[in-house]
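# Structural characterization, general
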Amino acid sequence: MHRVDVDHERDTMEQPPPTAAEQTQLERRKGTFASKFALISSNLLLAYQSLGVVYGDLSTSPLYVYRSIFVGKLQNYQTSEAIFGAFSLIFWTITLIPLLKYVFVVLSADDNGEGGAFALYSLLCRHAKFSLLPNQQAADEELSAYKYGFSGQSTSCLPLKRFLEKHKKSRTVLLIVVLLGACMVIGDGVLTPAMSVISSMSGIQAATEHLSHGAVLLLSCIILVGLFALQHSGTHRVGFLFAPIVTIWLISIFLIGLYNTIIWNPKVVSALSPYYIIEFFKETGKDGWVSLGGVLLSIAGTEAMFADLGHFTATSMRIAFPFFVYPCLVVQYMGQAAFLSKNIDSIPNSFYNSVPESVYWPVFVIATLSAIVGSQAVITATFSIVKQCNALGCFPRVKIVHTSKRIKGQIYVPEINWILMILTLAVAVGFQDTTLIGNAYGIACMTVMFITTFLMALVIIFVWQRSVALATSFLLLFWLIEGVYLSSAFIKIPQGGWVSLVLSFAFLTIMFVWHYGIRKKYNFDLHNKVPLKWLLGLGPSLGIVRVPGIGLIYSELATGVPSIFSHFVTNLPAFHNVLVFVCVKSVPVPFVSPDERFLIGRICPRPYRMYRCIVRYGYKDIQRDDGNFEDLLIQSIAEFIQMEAVEPQLSSSESPSFDGRMAVISTRSVQSGSTLLVSEEDFGISNSIQSSKSLTLQSLRSACDDENPQMRRRRVRFCLPENPSMDPAVRDELSDLIQAKEAGVAYIMGHSYVKARRSASFLKKLLIDIGYSFLRKNCRGPAVALNIPHISLIEVGMIYYV
């Protein structure tokens, strides 16, 4: 036995070291394990943060659900059997809609990680021609984020696809449905904070009889102001601040529910059976159907799981809800039902009466804090919806603040934040009753879910390429469930429900009028483009004086030369040596990689020195003023000129159209290995615009530097590398480009006034001359939105008669 051990030890000592291939494989396994561990830990962290942002609204619904159910005529049916039936309704509602529909189906329909009604609409627009704005290009379909979904084309959906693409009215209806869903989410952003905070504050009035209702309302308003004032900190910080509160709240209501179930009536567990739903409706009849408006409040905030998807991940949502939020809510509702079955008189203040006296005040504090958190989910969702609407041309230009460097979707919109605060305070002071607010809240909540089901059915057909029968089954199943709740909610329009409709109609009008004006303006530009034959007839000098410098002509057109150019040339007989037609456009994808940001092409033959640059952004991208747009543009054009010499098929000089093919120029490759040599120096007053020959211009720009010290940047200079093999024509063109850059860059933008024609209908004049004109004058200007330096901006006034 001893000898065997010695031989084994000798064999171990003489074992050869691992080969290089084995060592590489071992390191790869370690790396794979490390990446999996990092992914799991990241999703767990996001799941924890999501508790404070996404599930706050959903988790505070036990504060008011039973009270909202047993109001009106259902007060005549306050029996233990009716309470068991109400709990059974709540349980199956939470199970079928948030768990089955959203967690297992809807979260799978994300658009590259983004959620919400506009994310579904974006997916549909990429798989069929549903967009009303005709700025799509074939190059957009080559984006890496564009081809998202299932490959292939199902033949069963072709007739429906052709019908929707052929009839403009059907596409308009689809857009209005999407906008209505977005408006209902914004309406939620107004109603949820008022509902949650006033409900939580009712506990202090129940505990202290001397406190008046007016004092409770004043405290609620102070809390609401503080909540909206906190939004500028960003979702990341708010999530970390609020997540512990919601976690403690959910654990508390779970323990209280478990305690009440055991102490008061353990038989309530049997109410998990749908049998009690049947008995509930047998007993209550039509009055039970009307009470469904209160039941649906138990799933209020569910849409935030999908709308806030861009702030987190689908995996983190699927961890947080089924394994933590769902069981806590079910046990809490079960415990309340057990308590109420033995204490019928406690229904008007069911939650706080069911809390044991020994923990009443700690629970009240946590409930109040959780109610504040409960509003965070829908406020965050509102910011996301407004950003998507803004990017797709359906909302006036507003300031978008990106609050996280790590999570791209976390944003803050100051104007919307303060508008929401004012409207929320108006609702809270105007109604002062959670029952009336809950009626409006229920309509907004269920309408959003109803629209999501409809869009989801279209996604199943056009994006997932599944059969129409499967999509119809999904649609009918959830429309049947949600339709019953929605019909019950609409019964209560006279009792406060009208507020939700008024808010949605107001926002829908703003969105549709803005989109209508944008569309008419774009179509005017499209039909009044400058003919290239006219430019070619003018010759390389364009028949005017070509002055030193680069002119960046901004236009919404992705093809052709805009009418602003001819308008400028006609009135001022001078233009820059190098002209670049810049189009900043949004494409129906959430994010565009920096590698695919720029599309560069040529307009007219080489001697004209005219180029086109299309800068593409996704509907979730933030257009930041990082100070190097001009430099990236110059480097990209230089890269295109060099690429064109190597790949002649890009050139348009020999083609009859003289509007050449566009090439994707990666900004990363431009920065790492540019055709031009780059040197940097401090951009101070002494060397500001040294290349300018005008002493007056130098003094003006120096004064501008003094007034705006924050605008000072590092100056970038370009020069040509020593390359004897470079084509002389390419070298000359690059030299002209560098000289033009040294002479200065001017930004030329149209300042348009859109008016309806005299022959237009009264409705069109109302929309364009009053509606769109008012919105355009009171939103952020395009120059501000595009971060164009004011000192270099030239605005050309034009009137568009549409």
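Residues numbered from 1 in each chain as written. Predicted model: local features only at pLDDT ≥ 70, side-chain atom pairs only at ≥ 80, totals over all residues. Heavy atoms only, no water.

Helix and strand counts for the protein chain come out as 29 helices and eleven strands. A burial count over the protein chain gives 56% of its 802 residues as buried. Here the protein chain displays about 34400 Å² of accessible surface, and carbon together with sulfur accounts for 62% of that area. (Helix = DSSP H or I, 4+ residues; strand = E, 2+ residues; numbered from the N terminus. Buried < 20%, exposed > 50% of the residue type's maximum accessible area, 1.4 Å probe, protein only. Areas by Shrake-Rupley, 256 points an atom, 1.4 Å probe, with all protein chains shown as cover.)

Turning next to the packing of aromatic side chains. With the rule as written, the count across this model stands at 28 aromatic pairs. With centroids separated by 6.1 Å and ring planes inclined at 80 degrees, the aromatic side chains of F118 and Y121 adopt a geometry described as edge-to-face. In this pair, F118 and Y121 are both assigned in helix α6 (residues 117–127), three residues apart and thus about one turn of the helix distant. Assessed through its relative accessible area of 0%, F118 is described here as buried. Measuring from ring centre to ring centre gives 5.6 Å for W361 and F364, while their planes differ by 85 degrees; the resulting arrangement is edge-to-face. Of this pair, W361 and F364 are both found in helix α17 (residues 360–391), three residues apart, which corresponds to roughly one turn of the helix. What makes W361 partly exposed here is its relative accessible area of 43%. Exposure remark for F364: the relative accessible area of 8% places this residue in the buried category. Grouping aromatic residues by their ring pairs yields a cluster made of W249, F351, Y352, Y360, W361 and F364. (Phe/Tyr/Trp six-rings, centres within 6.5 Å; stacked < 30°, edge-to-face > 60°.)

Turning our attention to empty space enclosed by the protein. By the definition in use, this model includes three cavities of 30 Å³ or more. Here the largest cavity defines a volume of roughly 90 Å³. Forming the walls of the largest cavity are eleven residues, and the residues nearest its centre are D188, G301, E303, A304 and V378. Taken together, the residues of the lining of the largest cavity sort by class into seven nonpolar, one polar and three charged. (1 Å grid on protein atoms, 1.4 Å probe; cavity = no way out; pocket = protein on both sides within 12 Å on 5 of 7 lines; lining within 4 Å. Points joined across faces, edges and corners; volume = space filled by probe spheres on them. Nonpolar A, V, L, I, M, F, W, Y, C, P; charged D, E, K, R; others polar.)

This part takes up the packing of helix α18 (residues 414–431) against helix α21 (residues 493–527). Between α18 and α21, whose axes approach to 12 Å, the crossing angle comes to 160 degrees. One element, α18, and the other, α21, form an angle in the roughly antiparallel class. Once α18 is placed against α21, the crossing between them reads as right-handed. Residues L423, V427 and F431 of α18 form the contact with α21, whose participating residues are G496, W498, V499, L503 and F507. Looking at the contact of α18 with α21 residue by residue, the class counts come to seven nonpolar, one polar and no charged. (Axes fitted to C-alpha atoms, helices over the stretch in contact; angles between N-to-C directions. Parallel < 35°, antiparallel > 145°, perpendicular 65-115°, else oblique. Left-handed = near helix turned anticlockwise from the far one by under 90°. Contact = heavy atoms within 4.5 Å.)

Sheet architecture is open: seven strands sit in the order β7-β5-β6-β4-β3-β10-β11, paired in mixed fashion. Sheet topology places β7 (663–665) and β11 (793–801) at the edges, where each strand pairs with a single neighbour. The average angle at which neighbouring strand axes cross in this sheet is 30 degrees, direction not considered. Across eight bridges, the pairing between strand β3 (residues 545–554) and strand β4 (residues 574–587) is parallel. Each bridged residue has a counterpart across the sheet, and for R546 the counterpart in β4 is F575. Where α21 meets the sheet, its contacts fall on β10 (745–755) and β11, and the angle it forms with β11 comes to roughly 95 degrees. (Pairing = 2+ DSSP bridges.)

Turning to the side chain of S291, a few remarks are in order. In this structure, S291 sits in the loop between α12 (286–290) and α13 (292–295). What S291 contacts, discounting residues up to four positions off in sequence, is I69, L74, F280 and S488.

Right, let's get into the confidence of the model for the protein chain. This prediction gives the protein chain a mean pLDDT of 81; 83% of its residues lie at or above 70. Mean pLDDT across the elements of the protein chain bottoms out in helix α1 (residues 2–13) (47) and peaks in helix α5 (residues 80–103) (94). pLDDT under 50 marks residues 1–13. Its contacts with residues more than four places away, or in other chains, come to zero contacts. Note that residues 683–693 has pLDDT below 50 and, in this model, 27 contacts with residues that lie over four places away or in other chains. (pLDDT = per-residue confidence, 0-100.)

Taken as a whole and assessed by the stated rule, the structure comprises ten salt bridges. In this structure, the salt-bridge partner of R602 is E644, at a minimum N-O distance of 2.4 Å. Here R602 is found in strand β5 (residues 598–603), whereas its partner E644 is found in helix α24 (residues 629–646), with 42 residues between them in sequence. A relative accessible area of 2% places E644 in the buried class. Among the ionic pairs, K741 bridges to D631, the shortest N-O distance being 3.8 Å. (Salt bridge = Lys/Arg side-chain N within 4 Å of Asp/Glu carboxyl O.)

A regular strand carries its side chains on alternate faces of the sheet. Across the 14 residues of β4, ten count as buried, placing the element largely inside the fold. Pairing analysis gives nine bridges linking β4 to strand β6 (residues 610–618), with the strands arranged parallel. By the bridge assignment for β6, V587 is matched with G618.

Relative to the 42 Å expected for 29 residues at 1.5 Å per residue, helix α19 (residues 434–462) spans 41 Å between its end C-alpha atoms, a close match to the ideal helical length. Across the 29 residues that make up α19, a large majority, 25, are buried. (Expected span 1.5 Å × (residues − 1).)

Of note, the phi angle at C604 is positive, near 70 degrees, even though the residue is not glycine. Looking at where C604 falls in the secondary structure, it is placed in the loop between β5 and β6.

Looking at the element boundaries, L99 is found in helix α5. Note on L99: relative accessible area 13%, which makes it buried. Counting along the chain gives 203 residues from L99 to T302, while the straight-line C-alpha distance between them is 9.5 Å. Setting aside its immediate chain neighbours within four residues, L99 contacts I94, F104, F321, P322 and Y326.

Our next topic: the packing of α19 against helix α20 (residues 468–490). For any two helices packed against each other, the geometry comes down to the angle between their axes and how far apart the axes lie. It is at 9 Å that the axes of α19 and α20 come closest, and there the two elements cross at 170 degrees. In terms of orientation, α19 and α20 fall into the roughly antiparallel class. For the contact of α19 with α20, a count of residues per class yields 20 nonpolar, four polar and one charged.

Here the focus is the environment of S666. Its location among the elements puts S666 in the loop between β7 and α25 (667–672). According to the relative accessible area criterion, S666 is buried, its value standing at 15%. Separated by 30 residues in sequence, S666 and S636 place their C-alpha atoms 7.8 Å apart.

What follows deals with the nonpolar core. Judged by nonpolar contacts, the single largest core of 171 residues is most densely connected at Y55 and F321. Ranked by the residues each element gives to this core, the list is headed by α19, at 18 residues. Core analysis: the second largest hydrophobic core is formed by 36 residues, W514, I544, F568 and I768 among them. (Core = buried A, V, L, I, M, F, W, Y, C linked by side-chain atoms within 4.5 Å.)

Among the residues of helix α23 (residues 563–571), S563, I564, F565, S566, F568 and V569 are the ones counted as buried. Those residues of α23 hidden inside the fold are in contact with α21, α22 (532–538), β3, β4, β10 and β11.

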